[in-house]
Amino acid sequence: MKPPLLEVKGLKVSVAGKQILRGIDLSVAAGTVHAIMGPNGSGKSTLSHVLTGREGYRVEAGTARFCGKDLLSLPAEERAREGVFLAFQYPVEIAGVTNKYFLKAAYNALRKHHGQPELSAGDFLKHVKKKAQLVEMDPALLNRDVNFGFSGGEKKRNEILQLAVLEPRLCLLDETDSGLDIDALKIVARGINALRDPERAFVVVTHYQRLLDYVEPDFVHVLAGGRIVKSGGKELALQLEKEGYGWLEAAQA
Amino acid sequence: MLTKTVNYAILVLEQKYTEFKSIFNDMANEPLERLTQEGYKYGFVSAIDADQAPPGLSEDVIRLISAKKGEPDWLLEWRLKAYRHWLTMKEPTWANVRYPKIDYQGIIYYSAPKPKKQLGSIEEVDPEVRRTFEKLGIPLEEQKLLAGVAVDAVLDSVSVATTFKKVLSEAGVIFCPFSEAVREHPDLVRKYLGSVVPYTDNFFATLNSAVFSDGSFAYIPKGVRCPMELSTYFRINAASTGQFERTLIVAEDDASVSYLEGCTAPMRDENQLHAAVVELVALDRAQIKYSTIQNWYPGDKDGKGGIYNFVTKRGICRGRSSKISWTQVETGSAITWKYPGCILKGDDSVGEFYSVALANHHQQADTGTKMIHLGRNTRSTIVSKGISAGHGQNSYRGLVKIAKDAVGSRNYSQCDSLLMGELCGAHTFPYLEVNNTSSRVEHEATTSRIGEDQLFYCRSRGLSSEDAVGMIVNGFCKEVFKELPIEFAVEAHKLLSISLEGSVG
């Protein structure tokens, strides 16, 4: 049997001496969409950051395997090259570097890692334009500096474009729906749906149900107090939407 | 006396040869050691037969320099006036830099490779000199074939090769070593030498005026667009030899020229003083573009060694609607003290300054510009990008002065600083002086830090930390790099990344 794409076991993580994740177990198979929901401060962002290698987090216990490989021992860039992608809650601006150039450098870093020749500027442009169409993004944004002066919606769409271009196997979306109006939300959701693939998995971290109206999850997990306190199907998200997180937190206490 | 000099020369040669050998042995045997010195890839010493003055400065040494060059009396007199004036001056202390006191009597003020005979073509150049250039990655023949750039190669204060003279002379352009210009075009030199930077200008410029060894001279006659980019590579070579280059560029009415200056120097432990002077003169509607990449040895990671670069560069837009544009990428030197400026005398004239200055490890840079608006409707643009890393200290110092009669003038200044790490510093000293009410001056400044956020963002897309820093820094400098001639821009790109290697992670 193939190992799951992502297998997290007993993961305990602290930041500046404070334990944030207190034992996470999560198994994500290729072709599935998992939603991780939870109140503020429950450790949602910490989980996505620690899985993608951001510094400043201390893993106290547990493991995280990606396609059977020990993810936590790899530096951030290695994880990306292996096929793990994080769509940021707050995409970072880089002045003076065009989106196109940035994407090409990233794309070729990935190709190099997999022993493939780098793509020429012309071939890359073809690739990126196709992907821009897929996620309904204005190709003009490719010539602008990375996220520089982008609206909130443009930034999030740019994250989805990067996802489309880099073709990762595991996609972590960190509150991609935050700060989006309903139209932008729909476009982003359509982009994600267009990228669903039997070989690819999504872990959608979100505070609200509304993204899940458009990106239908196979599994929903509720993260509270640093633990997954409940897992279920998409109906769990609807229940949370109706009843809030209070009943779960109360059950925790 | 003669025997003594010869013996001394032999001694110097032997020392240099031993040093040369040991450096190459080190390179072969100690790859690790070289790696820890990464960044400065041009550290070697070439064993060229040097002919140098005894250390120290006196009227006799100045007479020796002048005599060696066969200079006319007026130039010797000019040098001596400068020297006498220099004796009354004090070394400036206002710059935001720290360094031990310089022993001006310990410096050797003249050093020249011995030409075996008069050189007619590039093939006749000392093979050692040519190998040196090859190590620098700038073989003259390649320049000749590929770049279409005329190279006036200055090595050890004496110009040893000039190419493309023919094409230039057909266009009427004079481009030659300064000493040759003194011989061949004395009237032009006499007319313009010191007309922008007088010998009384400042401590270092005055010292240069007294002892300058050689440099470049370019003259573009009326209505001529120089048919190629003019390029000079400077190189500090003999041990303890201060370099005092003198460059003079004159563009007559409706003439235009683009001049490139690029520098590297061998690795050294003792500090080396460099005090160059560059003067530009633009007459009616003339345009001069002067681009520099400066990559002199910055000292090691602990701040030991490195070049002191105390340079005076100034241009005058003497004619109407003339334009002078300075672009500099300063990545080298232990200390940089440099303010390329423009005197905008002609009505409607334009001055520009685009600068990237990097201070890594223990480097100190105090650099900026002076824009002096004298004519009506004159315009100036200043774009300064300072990058500080390690213990580096980077200061922008700029003066914008608009005279009473310079009505309708405008200046726009943008001054951005980028910090990497916790121990470096960025400082800004803008001076604005506006003496009429119809002129407008704008100054914008930003300070940012390459943050963990930006780095993580790039790394999460598969880029290494070093590639990410290179990308972010080059993005930061983009507005300046786009002003550089294309081949220089490519070099500048690489140079910045090399200079910042190891400054993250």
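Structural data are supplied above this passage.
Here's a quick rundown of the structure. (Residues numbered from 1 in each chain as written. Chains lettered and ligands numbered in written order. Predicted model: local features only at pLDDT ≥ 70, side-chain atom pairs only at ≥ 80, totals over all residues. Heavy atoms only, no water.)

Turning to the overall build of chain A, a few remarks are in order. Looking only at helices and strands, chain A has 9 helices and 12 strands in total. The C-alpha atoms of chain A give a radius of gyration of 18 Å, which matches the 18 Å a tight globule of 253 residues would have. With the C-alpha coordinates of chain A rotated into their principal frame, the extents come out at 55 × 40 × 40 Å. By residue count, 52% of the 253 residues in chain A fall in the buried class. Sequence separation of 24 or more characterises 70% of the internal contacts of chain A that already satisfy a separation of 6 or more. When the accessible area of chain A is evaluated, it comes to approximately 10,900 Å², of which 50% is carbon and sulfur surface. Averaging the coordinates of the 34 positive side-chain charges in chain A and doing the same for the 31 negative ones gives two points 3 Å apart. (Helix = DSSP H or I, 4+ residues; strand = E, 2+ residues; numbered from the N terminus. Rg over C-alpha atoms; globule rule 2.2 N^0.38 Å. Buried < 20%, exposed > 50% of the residue type's maximum accessible area, 1.4 Å probe, protein only. Contact = heavy atoms within 4.5 Å. Areas by Shrake-Rupley, 256 points an atom, 1.4 Å probe, with all protein chains shown as cover. Lys, Arg positive; Asp, Glu negative; His and termini not counted. Charge placed at Lys NZ, Arg CZ, Asp CG, Glu CD.)

Looking only at helices and strands, chain B features 14 helices and 23 strands. Taking all 505 residues of chain B together, the buried fraction comes to 60%. For chain B, contacts bridging at least 24 residues in sequence account for 84% of all contacts bridging at least 6. Accessible surface computed for chain B: about 20,000 Å², of which carbon and sulfur atoms make up 52%.

Here we take up the side chain of Lys338 of chain B. All names here are of chain B. Along the chain, the position of Lys338 falls in strand E15 (residues 335–338). A polar side-chain atom of Lys338 sits 2.2 Å from a polar atom in the side chain of Glu330. Filtering out sequence-adjacent residues up to four positions away, Lys338 remains in contact with Thr292, Val311, Lys313, Gln328, Glu330, Asp366, Thr367 and Gly368. (Polar contact = N/O pair within 3.5 Å; in protein donor to acceptor, adjacent residues only side chain to side chain.)

All right, on to the interface of chain A and chain B then. Taken together, the contact between chain A and chain B spans 35 residues of the former and 19 residues of the latter. Here chain A meets chain B over a buried area of about 2,100 Å², counting both sides, of which 60% is carbon and sulfur. For the chain A face of the interface with chain B, the top three residues by lost area are Arg54, Glu77 and Val92 of chain A, together amounting to 25%. Inspection of the chain A/chain B interface yields 6 salt bridges. For Asp145 of chain A, the salt bridge identified is with Lys478 of chain B, shortest N-O distance 4.0 Å. At the junction of chain A and chain B, the tally comes to 13 residue pairs in polar contact (both at pLDDT 80 or more). (Buried area = accessible area lost by both parts, 1.4 Å probe. Salt bridge = Lys/Arg side-chain N within 4 Å of Asp/Glu carboxyl O.)

Residues and elements named next belong to chain B. A rise of 1.5 Å per residue sets the reference length of helix H4 (residues 73–87), with its 15 residues, at 21 Å; its end C-alpha atoms lie 21 Å apart and thus fit the reference within 8%. Burial in H4 covers these residues: Trp74, Leu75, Leu76, Trp78, Arg79, Leu80, Ala82, Tyr83 and Trp86. In this structure, the buried side of H4 is in contact with helix H3 (59–68), helix H8 (178–184), helix H9 (186–192), helix H10 (203–211) and strand E8 (246–251). (Expected span 1.5 Å × (residues − 1).)

This part covers the packing of aromatic side chains. Working definition: an aromatic ring pair is given by the centre-to-centre distance plus the angle between the planes. Inspection of every chain in the model, using the stated rule, returns 25 aromatic pairs over all chains. Residues Phe102 of chain A and Tyr457 of chain B carry aromatic rings whose centres are separated by 5.9 Å and whose planes lie at 5 degrees to one another, so their mutual orientation is stacked. Taken together, the positions of Phe102 of chain A in helix H3 (residues 99–113) and Tyr457 of chain B in helix H11 (residues 452–459) put the pair across two chains. The class for Phe102 of chain A is buried, based on a relative accessible area of 1%. Judged by relative accessible area, which is 0%, Tyr457 of chain B ranks as buried. Ring plane angle 90 degrees and centroid distance 6.2 Å describe the contact between Phe175 of chain B and Tyr259 of chain B, whose orientation is recorded as edge-to-face. Here Phe175 of chain B, found in strand E5 (residues 174–177), pairs with Tyr259 of chain B, found in strand E9 (residues 256–264); they are 84 residues apart in sequence, far enough to count as distant. Residue classification places Phe175 of chain B among the buried positions, given a relative accessible area of 3%. Stacked on the ring of Phe212 of chain B, the Lys or Arg Arg79 of chain B has its end atom at 4.0 Å from the ring centre. Over the ring of Phe476 of chain B we find Lys385 of chain B; its NZ or CZ atom is 5.0 Å from the centre of that ring. (Phe/Tyr/Trp six-rings, centres within 6.5 Å; stacked < 30°, edge-to-face > 60°. Lys NZ or Arg CZ within 6 Å of the ring centre and 35° of its normal.)

Attention now moves to the pairing of strand E19 (residues 379–388) of chain B. Residue and element names in this part refer to chain B. Burial analysis of E19 places 8 of its 10 residues in the buried class, the great majority of the element. Direction of pairing for strand E17 (residues 350–359) relative to E19: parallel, over a ladder of 10 bridges. Bridged to Leu358 within E19 is Ile387. Pairing of E19 with strand E21 (residues 410–419), which is carried by 10 bridges, proceeds in the parallel orientation. By the bridge assignment, Lys385 is partnered in E21 with Asp416. (Pairing = 2+ DSSP bridges.)

Time to look at the environment of Gly10 of chain A. Residues and elements named next belong to chain A. Of note, Gly10 is situated in strand E1 (residues 6–15). Take Gly10: its relative accessible area is 27%, and that puts it in the partly exposed class. In this structure Gly10 touches Gly23, Ile24, Asp25, Ala61 and Gly62, once residues within four positions along its chain are discounted.

Let us look at the sheet that holds strand E10 (residues 201–206) of chain A. All names here are of chain A. On the basis of which strands lie adjacent, the open sheet formed by 6 strands has the order E6-E9-E10-E3-E11-E12 and mixed pairing. Edge positions in the sheet fall to strand E6 (84–87) and strand E12 (227–232), since each has one partner strand and no second. Averaged over all pairs of adjacent strands, the angle between strand axes in this sheet comes to 20 degrees, irrespective of strand direction. Relative to E10, strand E9 (residues 170–174) is paired through 5 bridges, and the arrangement is parallel. Each residue of the ladder has a partner; that of Asp174, found in E10, is Val205. Here helix H1 (residues 44–52) sits on the sheet in contact with strand E3 (33–37), E6, E9, E10 and strand E11 (219–224), set at roughly 145 degrees to E9. (Axes fitted to C-alpha atoms, helices over the stretch in contact; angles between N-to-C directions.)

Next up on the list: the nonpolar core. Residues Leu51 and Phe102 of chain A together with Ile387 and Val473 of chain B are the most contacted members of the largest nonpolar core, which totals 65 residues. In terms of residues, this core owes the most to one element, helix H12 (residues 465–476) of chain B, which gives 6 residues. Val189, Phe204, Leu273 and Ala334 of chain B belong to the second largest nonpolar core, which has 56 residues in total. (Core = buried A, V, L, I, M, F, W, Y, C linked by side-chain atoms within 4.5 Å.)

Here we take up the side chain of Lys69 of chain B. Locating Lys69 of chain B in the fold gives a position in the loop between H3 and H4. Not counting chain neighbours up to four residues away, the residues in contact with Lys69 of chain B comprise Arg79, Tyr110, Ser179, Arg183, Ser213 and Asp214 of chain B.

A few words on the sheet that holds E1 of chain A. Strands belonging to one sheet form pairs held by backbone hydrogen bonds; the direction of such a pair is parallel or antiparallel. Residue and element names in this part refer to chain A. As summarised here, the arrangement of the 4 strands in space is E2-E1-E4-E5, forming an open sheet in which the pairing is antiparallel. Edge positions in the sheet fall to strand E2 (18–28) and strand E5 (69–70), since each of these pairs with one other strand and no more. Summarising the sheet, E1 and strand E4 (residues 58–66) pair through 7 bridges and their orientation is antiparallel. Across the sheet, residue Val13 finds its bridge partner in E4, namely Val59.

The subject of this paragraph is the packing of H4 of chain B against H10 of chain B. Residue and element names in this part refer to chain B. The contact between H4 and H10 brings their axes to 7 Å, and the two run at 145 degrees. You can see that H4 and H10 cross each other, and the crossing is left-handed. Together, Trp78, Arg79, Ala82, Tyr83, His85 and Trp86 of H4 and Phe203, Thr206, Leu207, Ser209, Ala210 and Val211 of H10 make up the contact between the two elements. Within the contact of H4 with H10, the residues separate by chemical class into 8 nonpolar, 3 polar and 1 charged. (Left-handed = near helix turned anticlockwise from the far one by under 90°. Nonpolar A, V, L, I, M, F, W, Y, C, P; charged D, E, K, R; others polar.)

Taken by themselves, the reported measurements are silent on function.
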